[in-house]
Amino acid sequence: MKYSTAAYGDSMITAAEMDVTGRIDTRVSRVTRTRISDHIEVPEDDIVLLDVDHGGSTNHLRHFVAIDHENKEVVLSIRGTFSLSEMVVDVAGFSRELSAVGGSQYIFVLKPVYISHSLSSLYLFMFRVGPFCGGEAHSEMANMAESVWESAGLTVVKLLKKHKKYGFVLTGHSLGGGAACLLNILCHSNGGEIVSGRRTRCFAYAPPPSFTPLEVAANAVKDCTAYVHEADAIPFLSIDSVRHFFSSIGVIQTYAERTKFLPQLALSLGFADPDKTLLDDVRRAATKRLKPKAGAPLLAIPAASAVWMRERKDTGKFETKVCDPRKMAMVPIFVGSSNMLQDHFPPTYEHALHNLEDE
Amino acid sequence: MQTRHFFSALFRCSKVNRRRRAGTGLGQFLLIGMMMVSSLSLVARCAARDLPAVSSRNFVRGAISRRSIGYVDEVSHFAAIPVVQRRSFQKGGEKEPPPRKKSADTDSLFSPYLKCTRQLQRGAGVAISSLGFLSSSVSQLVADRAALRRWKPTVKALGEFMKTTGIDLELSKSLNGRLLHNIVLLGRVQSHVFEGKDRRDFVLRGGRHDIPTNEEALRYVLCSSSSVKEELARAGWYDILLTKSISLCTDTVDI
């Protein structure tokens, strides 16, 4: 029977095992490695570290490290929200002052596990102490960025030491993008000490706002580019923007209290247009800045540019505009599109980037 | 009294069988998911007249031995359809020919078809992504429920933060039974505010800017979606496959 079940493939085997034992095998399978290798067009052997198990540690985000010999890059890719615990990371959006790595403000601790690993890889493990140039970051995302580095840093450093001319690329989607941006800041601090001064670049897809002020990490910001797909709402989500969103909802609620149900229904179904007073009130609520609260500053995506892609209805190709993340931080959350969540998924990003108009 | 006995018996029964039933339920959930994915895969392949480069022959043999195989080699379903090798790193493998340019006329001719296929593409992608998220969450709940306890302090800290800053009061004014309706209304109003306008024009970046090439952007988005494990990599594949199918149809018209 096992042979018969196996002929159906991976999912059927998982279903059968679940039925029999009540447990799910969440280990990385050879299939996963092969599929990832095929997807990123890098040989399997060059995926040096693979931590994408469903049942992996919740102390850090899932990630993998690959070496791209063709483009001479070591790539660290961080996974975004894909489980309940990662949703908690997203929601814990209050800020904390981000610690720096290295320098006089930091304590260096020799970690025995690394010493036992090999004498040549004596690794300085950094604990956070004190603020980083006054920067504030999304609390849990910053923790996750540091934890990912704790998990993958040693491998990355070893690879960079082995391949002297290779650069380092950080990438991720959604929460992974936000964590990659913050890790990019850490990698740039103190002249890129933790990555042996190698050039570090970051490609963040749909990252939420995660850092402020951007001026304190000018070098890191310069080497980071964010990508935003059409109506995706996540790159605009922070506690500050949620406060502004609810301020607009308050205006709508006032309108709803003084208007009869039928006109409201007609408006919500698209059979009637909003009156000018309502339009003005919503516009005013969206542009009026609320007083920032401690722990909920105006966070921005720590990137020099945000490439905002939009589909041309006539050709199906995507045209881009280069936007300023600082200005984007003040853009109200837009709920006027039914694609606001759909446009956030990685396949839609891949589709957009596959169909970009010529440069 | 009898009712009470009935419920207590039912409760005992459910307690005894809870693990078994949970396993069966999840097994069925995965099975249905697999059938959906498999069906979508076949639809995509039929439409594309193509097979993905991830030809299972590369790894099925080894994987079956570990009782963990990927795609069953579906060449058996489509024996006459050639396998396209896409992987550029495969030395000696034939590279794909450059895509043919499509004329604007054929695009307009196929405009309704393109729209329909795009919707199908999006639907398939979103369905698979959502399914992946659900299966991942369920896996975590079943495999490592203790891990969720790690987040208790974080959730508590968030609650305290909201309370001390007064943000909970700010938000609670609008958190009521009408919230969903109010969001729909706000969406309608926002659509009017931005009607005919491009939201990007309000946040354009001035001056000179160096952004990576399209090729680089695409290369690393592949890395990002790959780290979301195979479900999304697969979803990305449908997207590419269906795009190929469109170009194939329009190419045929060109000829």
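It should be emphasised that the depicted structure is a prediction, and the values quoted were computed from it without experimental measurement. (Residues numbered from 1 in each chain as written. Chains lettered and ligands numbered in written order. Predicted model: local features only at pLDDT ≥ 70, side-chain atom pairs only at ≥ 80, totals over all residues.)

Asker: Any chance you could break down the overall build of chain B for me, citing the residues and the numbers?
Answerer: Helix and strand content of chain B: ten helices and zero strands. Each helix and strand of chain B, ordered N terminal to C terminal, gives the series α-α-α-α-α-α-α-α-α-α. Each of the 255 residues in chain B was classed as buried or not, and the buried ones make up 29%. Taking the contacts inside chain B whose residues are at least 6 apart along the sequence as the reference set, 74% of them involve residues at least 24 apart. (Helix = DSSP H or I, 4+ residues; strand = E, 2+ residues; numbered from the N terminus. Buried ≥ 20, exposed ≤ 12 C-beta atoms within 10 Å, placed from the backbone. Contact = placed C-beta atoms within 7 Å.)

Asker: Can you break down the sheet that holds strand β11 (residues 224-229) of chain A residue by residue, with the values?
Answerer: What the eight strands build is an open sheet, ordered β1-β2-β3-β8-β9-β11-β12-β13 (chain A); its pairing is mixed. Strands at the two margins of the open sheet, each flanked by one partner only, are β1 (47-51) and β13 (318-323) of chain A. Between one strand and the next, the sheet's axes are offset by a mean angle of 20°, whatever the strand orientation. Inspection of the sheet shows strand β3 (residues 73-78) of chain A paired to strand β8 (residues 167-173) of chain A by six bridges, in the parallel sense. Following the sheet pairing, isoleucine 78 of chain A is matched in β8 of chain A by glycine 172 of chain A. Packing against the sheet, helix α9 (residues 214-226) of chain B makes contact with β3, β8, β9 (200-205) and β11 of chain A, and its axis sits at approximately 60° to β8 of chain A. (Pairing = 2+ DSSP bridges. Axes fitted to C-alpha atoms, helices over the stretch in contact; angles between N-to-C directions.)

Asker: Let's hear about the nonpolar core: which residues, and what values?
Answerer: With 85 residues, the main nonpolar core has Ala145, Ala179, Leu182, Leu183 and Ala204 of chain A as its most contacted residues. The dominant element in this core, judged by the number of residues it contributes, is helix α6 (residues 139-162) of chain A, at ten residues. Not counting the four nearest positions on each side in its chain, alanine 204 of chain A is found in contact with Gly172, Gly177, Ala180, Cys181, Cys224, Ala226, Ile301 and Ala303 of chain A. Counting 16 residues, the second largest nonpolar core, distinct from the first, contains Phe245, Val251 and Val335 of chain A together with Val189 of chain B. (Core = buried A, V, L, I, M, F, W, Y, C linked by C-beta atoms within 7 Å.)

Asker: Hey, could you go over the pairing of strand β2 (residues 63-68) of chain A for me, with residue numbers and the actual values?
Answerer: It is a general feature of regular strands that their side chains alternate between the two faces of the sheet. All names here are of chain A. Summarising burial for β2: six of the six residues are buried, a large majority. Every second residue of β2 is oriented toward a common face, with His63, Val65 and Ile67 on one face and Phe64, Ala66 and Asp68 on the other, all of them buried. Looking at chain direction, β1 and β2 are connected through four bridges and run antiparallel. Looking at β2, one finds that aspartate 51 is bridged to histidine 63. Where β2 lies against β3, six bridges are found, and the strand directions are antiparallel. Bridged to histidine 63 within β3 is isoleucine 78.

Asker: Go over the packing of helix α13 (residues 346-354) of chain A against α9 of chain B, please, and point to the residues and values.
Answerer: Contact geometry for α13 of chain A and α9 of chain B: axes closest at 10 Å, N-to-C directions at 165°. Of the possible angle classes, the one that applies to α13 of chain A and α9 of chain B is roughly antiparallel. Both α13 of chain A and α9 of chain B take part in a crossing whose hand is left-handed. On the side of α13 of chain A, the interface is formed by Pro346, Tyr349, Glu350, Leu353 and His354 of chain A, while α9 of chain B contributes Ala217, Leu218, Val221, Ser224 and Ser225 of chain B. (Parallel < 35°, antiparallel > 145°, perpendicular 65-115°, else oblique. Left-handed = near helix turned anticlockwise from the far one by under 90°.)

Asker: Would you mind going over α6 of chain A in detail, with residue names and values included?
Answerer: With 24 residues, α6 of chain A extends 34 Å between its outermost C-alpha atoms, agreeing within 8% with the 34 Å of an ideal straight helix rising 1.5 Å per residue. A bend of about 55° at alanine 152 of chain A is the largest found in α6 of chain A. (Expected span 1.5 Å × (residues − 1). Bend = angle between axes of the 7 residues up to and from the residue.)

Asker: Describe helix α11 (residues 276-287) of chain A, with residues and values.
Answerer: An ideal rise of 1.5 Å per residue puts 16 Å on twelve residues; α11 of chain A measures up with 17 Å between its terminal C-alpha atoms. Taken together, the buried positions of α11 of chain A are occupied by Leu278, Val282, Ala285 and Ala286 of chain A. The arc enclosing the buried residues of α11 of chain A, seen along the axis, measures out at 100°, which places them on a common side. Opposite its buried face, α11 of chain A presents the exposed residues Lys276, Thr277, Arg284 and Thr287 of chain A, each directed more than 90 degrees away. Elements that come into contact with the buried residues of α11 of chain A comprise α9 (239-258) of chain A together with α8 (179-193) of chain B. (Arc of directions from axis to C-beta.)

Asker: Residues and numbers for the packing of α11 of chain A against α8 of chain B, please.
Answerer: Two elements in contact, α11 of chain A and α8 of chain B, have axes whose closest approach is 10 Å; the angle formed by their N-to-C orientations is 90°. The orientation of α11 of chain A with respect to α8 of chain B, classified from their angle, is roughly perpendicular. Of α8 of chain B, the residues touching α11 of chain A (which contributes Leu278, Leu279, Val282 and Arg283 of chain A) are Leu186, Val189, His192 and Val193 of chain B. In the contact of α11 of chain A with α8 of chain B, the residues fall into six nonpolar, one polar and one charged. (Nonpolar A, V, L, I, M, F, W, Y, C, P; charged D, E, K, R; others polar.)

Asker: Go over the confidence of the model for chain A, please, and point to the residues and values.
Answerer: Mean pLDDT over chain A works out to 80, with 79% of the residues at or above the 70 mark. For the stretch residues 99-130 of chain A, pLDDT sits under 50, and the model shows 43 contacts to residues farther than four places along the chain or on other chains. (pLDDT = per-residue confidence, 0-100.)

Asker: So what about the domain arrangement of chain A? Which residues, and what values?
Answerer: Residues and elements named next belong to chain A. As far as domains go, chain A holds domain 1 (42-238 + 300-359) and domain 2 (241-287). Counting residues at the interface gives five residues for domain 1, matched by six residues for domain 2. Of the residues in the side of domain 1 that touches domain 2, the class split is four nonpolar, one polar and no charged. (Domains from an automatic or database assignment.)

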